[in-house]
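A look at the structure
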Amino acid sequence: MAEAPDSEPVPSSSKGNLLEDAQDEGPSPKKRKTEGEEIDKLEHRLGGILCCAVCLDLPQAAVYQCSNGHLMCAPCFTHLLADARLRDESASCPNCRIEISKANASRNLAVEKAVSELPSACRHCTGVFPRHSLQHHEDQTCEQRVTGCRYACLGCGWRGAAAAGAAHEAACAHPRQSAADLVELLAARERQAADQLLLHSQLLGLLSYEKITFTDLQLKPYRTEELHKLYYETSRFSAFGQQWLVKAFVNKHQRDPTQSAQREITYQLILKSKPGGAVGVWWMWARGPFGEARMSASLAQHAFREDEAAPARALPLADPADANRLLANKAIHFRLIMFLSPK
Ligand SMILES: [Zn+2]
Ligand SMILES: [Zn+2]
Ligand SMILES: [Zn+2]
Ligand SMILES: [Zn+2]
């Protein structure tokens, strides 16, 4: 069962330059001939020890370990669990093949803290900082970080190093636009805000409908008989006197979703009974009391006839990166809120 690890997912990452250096240099780190060579070597050696066994990067946040102590960063850990569920197998440590699960893997706080103290180079300037303060430096204080012009709200698209910002702003033409240009700009912004408001007022309108229902559902994994293709389904539930269920797919148009790092969950709401006429329904998703991911506000609508499935839509995850976190679980929990359109 255990194949060579070349089929293991190796999520790419642009971070962890420190470690890439360590990998490239191999056993003789002679690239940097600076005074700090001794320290340099130590941090590279530590980087090689504390890196994730899957992506070989230094972990950014939580670090998990198998029961033999092999380290995995949190995204790789959930990715392994999700892949195993998609393949209908149990997940195993890429180093020692021992089974890993949420129950038998543990965090390693000492490694998390040690990694956060390792020196790391700023991606904009030549400065070196402990990893725990690197983000703050790169985002807030680095002179070389890329910023925009303060007149961006007037349409200036300038981007450049923070150190050059003041000189640009002094010469920027945007604050000297004519009133007519500014009126045009304000109108465009108002249109944008109106689109956002529309969703909220639609939702408020739906909340005034006479028939509203919500159901806390679990999507559970199943396999098709012939192709052994994975899909998810809820049990049937009733709403507005009809029977419904939700079916979901991972990367619907791909035969084997474990081949790609991108995961998209699409779903269909399906009417399983025979109403007298069409049943017009609006619906939206919420995390619900057992859910593991935030949903973004979005409304869907369909007029169902008997035994009909609404067209497939993407599950509106607030953060698409949550797909793996959901797939790593035995079931996907969420709340479906439905509104019956008045006749
Ligand atoms: Zn990793
Ligand atoms: Zn292991
Ligand atoms: Zn910097
Ligand atoms: Zn400007």
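Residue positions are counted from 1 within each chain, in the order its sequence is given. Chain letters start at A and ligand numbers start at 1, both assigned in the order the entries are written. A pLDDT threshold of at least 70 governs which residues receive local features in this predicted model, and a stricter bar of 80 or more applies before side-chain atom pairs are shown or counted, although totals over entire chains, interfaces and linings include all residues. For the side-chain quantities, the full set of heavy atoms in the structure was used; hydrogens and water were omitted.

1. Quick notes on the overall build of the protein chain
Definition in use: Under the DSSP-based scheme used, a helix requires at least four consecutive residues in state H or I and a strand at least two consecutive residues in state E, with every element numbered from the N terminus. Exposure classes here rest on a 1.4 Å probe applied to the protein chains alone. A residue is buried below 20% of its type maximum, exposed above 50%, and partly exposed in between. What makes two residues a contact is simply this: any of their non-hydrogen atoms within 4.5 Å. Areas reported as accessible are Shrake-Rupley estimates using a 1.4 Å probe. Residue values count occlusion only from the protein chains shown.
Secondary structure assignment for the protein chain yields eight helices and 16 strands. Taking all 343 residues of the protein chain together, 38% fall into the buried category. In the protein chain, 54% of the contacts between residues at least 6 apart in sequence involve partners at least 24 apart. When the accessible surface of the protein chain is totalled, it reaches about 19900 Å², and 52% of it is carbon and sulfur.

2. Some points on the coordination of the zinc ion (ligand 4)
To be explicit about the condition: Sites may look incomplete because water is not among the atoms; the donors themselves are N, O and S atoms within 2.8 Å of the metal, or within 3.2 Å for Na, K and Ca. A four-donor site is called tetrahedral if each angle lies between 85 and 135 degrees; a four-donor site is square planar, and a six-donor site octahedral, when trans pairs exceed 155 degrees and the remaining angles lie between 65 and 115; all other cases are labelled irregular.
Within the first shell, the zinc ion (ligand 4) binds the protein through C149 (SG), C156 (SG), H168 (NE2) and C172 (SG), at distances of 2.1 to 2.3 Å. Given four donor atoms and angles of 102 to 113° at the metal, the environment of the zinc ion (ligand 4) is assigned as tetrahedral. Along the chain, the residues donating to the zinc ion (ligand 4) are arranged with the sequence spacing C-x6-C-x11-H-x3-C.

3. A word on the coordination of the zinc ion (ligand 1)
A four-donor tetrahedral metal ideally has 109.5 degree angles, and a six-donor octahedral metal ideally has angles of 90 or 180 degrees. The coordination sphere of the zinc ion (ligand 1), as far as protein atoms go, consists of C52 (SG), C55 (SG), C73 (SG) and C76 (SG), spread over 2.2 to 2.3 Å. What the four donor atoms of the zinc ion (ligand 1) show is an angle range of 100 to 117° at the metal, which sorts the shape as tetrahedral. In the primary structure, the donors to the zinc ion (ligand 1) are separated according to the pattern C-x2-C-x17-C-x2-C. Placement of the pair is C52 in the loop between helix 2 (37–50) and strand 1 (63–65) and C76 in helix 3 (residues 74–87), with a sequence separation of 24 residues.

4. Here's the deal with the pairing of strand 14 (residues 300–304)
Using the following cut-off: One bridge is not enough; two strands pair if DSSP finds at least two bridges between them.
A one-sided burial pattern is seen for strand 14, the buried positions being A300, H302 and F304 and the unburied ones Q301 and A303. With five bridges joining them, strand 13 (residues 279–286) and strand 14 adopt antiparallel strand pairing. Directly across from W283, in strand 14, lies its bridge partner A300.

5. What about the packing of aromatic side chains?
We apply this condition: Any pair of Phe, Tyr and Trp rings, taking the six-membered ring for Trp, is counted once the centres come within 6.5 Å. Such a pair is stacked with planes under 30 degrees apart, edge-to-face with planes over 60 apart, and tilted for the rest.
One pass over the structure, following the stated rule, counts six aromatic pairs. Centroid distance W283 to F304: 6.0 Å. Interplanar angle 45°. Geometry classified as tilted. With W283 in strand 13 and F304 in strand 14, this residue pair connects regions lying 21 residues apart in the sequence. By relative accessible area, W283 is classed as buried at 1%.

6. As for the pattern of salt bridges
Quick note on the threshold: Basic side-chain nitrogens of Lys or Arg form a salt bridge, by our definition, when they fall within 4 Å of a carboxyl oxygen of Asp or Glu.
Summed over all chains, the structure comprises nine salt bridges. A salt bridge links R123 to E138, with the shortest nitrogen-to-oxygen separation between them at 3.0 Å. In this pair, R123 is assigned in the loop between strand 4 (119–121) and strand 5 (128–130) and E138 in helix 5 (residues 131–141), connecting sequence segments 15 residues apart.

7. So, helix 3
Here is the rule we go by: Multiplying 1.5 Å by the helix residue count minus one yields the expected span of that helix.
An ideal rise of 1.5 Å per residue puts 20 Å on 14 residues; helix 3 measures up with 20 Å between its terminal C-alpha atoms. Within helix 3, eleven of the 14 residues are buried, which leaves the element mostly enclosed by the surrounding structure. Every buried residue of helix 3 is listed here: A74, C76, F77, T78, H79, L80, L81, A82, D83, A84 and L86. Tucked inside the fold, the buried residues of helix 3 contact strand 1, strand 2 (71–73), strand 8 (212–223), strand 9 (230–233), strand 11 (242–250) and helix 8 (322–327). With its phi angle positive at about 65°, D88 sits one or two positions after the end of helix 3.

8. Overview of the nonpolar core
Rules: Remark: nonpolar core denotes a set of buried residues (Ala, Val, Leu, Ile, Met, Phe, Trp, Tyr, Cys) joined through side-chain atoms within 4.5 Å. What fixes the domain bounds is an automatic or database domain assignment.
Counting residues in hydrophobic clusters, the biggest one holds 51 residues, and the most contacted among them are W244, V246, L269, W283, W285, L336 and M338. With seven residues, the single largest contributor to this core is helix 3. Domain assignment of the residues forming this core places at least three in each of domain 1 (5–121) and domain 3 (212–340). Excluding residues within four positions of it along the chain, W285 makes contact with V246, Y267, M295, L315, P316, F334, R335 and L336. L58, V111, V115 and L118 belong to the second-largest nonpolar core, a separate cluster that totals seven residues.

9. Digging into the confidence of the model for the protein chain
Do not read the predicted coordinates in detail wherever pLDDT is low. To keep it simple, the criterion reads: Confidence of the predictor at the level of single residues is given by pLDDT, which spans 0 to 100.
The predicted model of the protein chain has a mean per-residue pLDDT of 85, with 88% of residues at 70 or higher. Predicted confidence for residues 1–33 stays below pLDDT 50, and this span has 45 contacts to residues more than four positions away or in other chains.

10. Concerning the environment of Y232
Considering the arrangement of structural elements, one finds Y232 in strand 9. With relative accessibility at 2%, the residue Y232 sits in the buried group. Beyond its immediate chain neighbours, meaning those up to four positions away, Y232 contacts L219, K220, P221, V246, K247, A248, V250, L327 and I332.

11. Quick word on the sheet that holds strand 3 (residues 106–107)
Strand order in this open sheet of three strands is 2-1-3, and the pairing throughout is antiparallel. The sheet is open, and its two borders are formed by strand 2 and strand 3, each paired with just one other strand.

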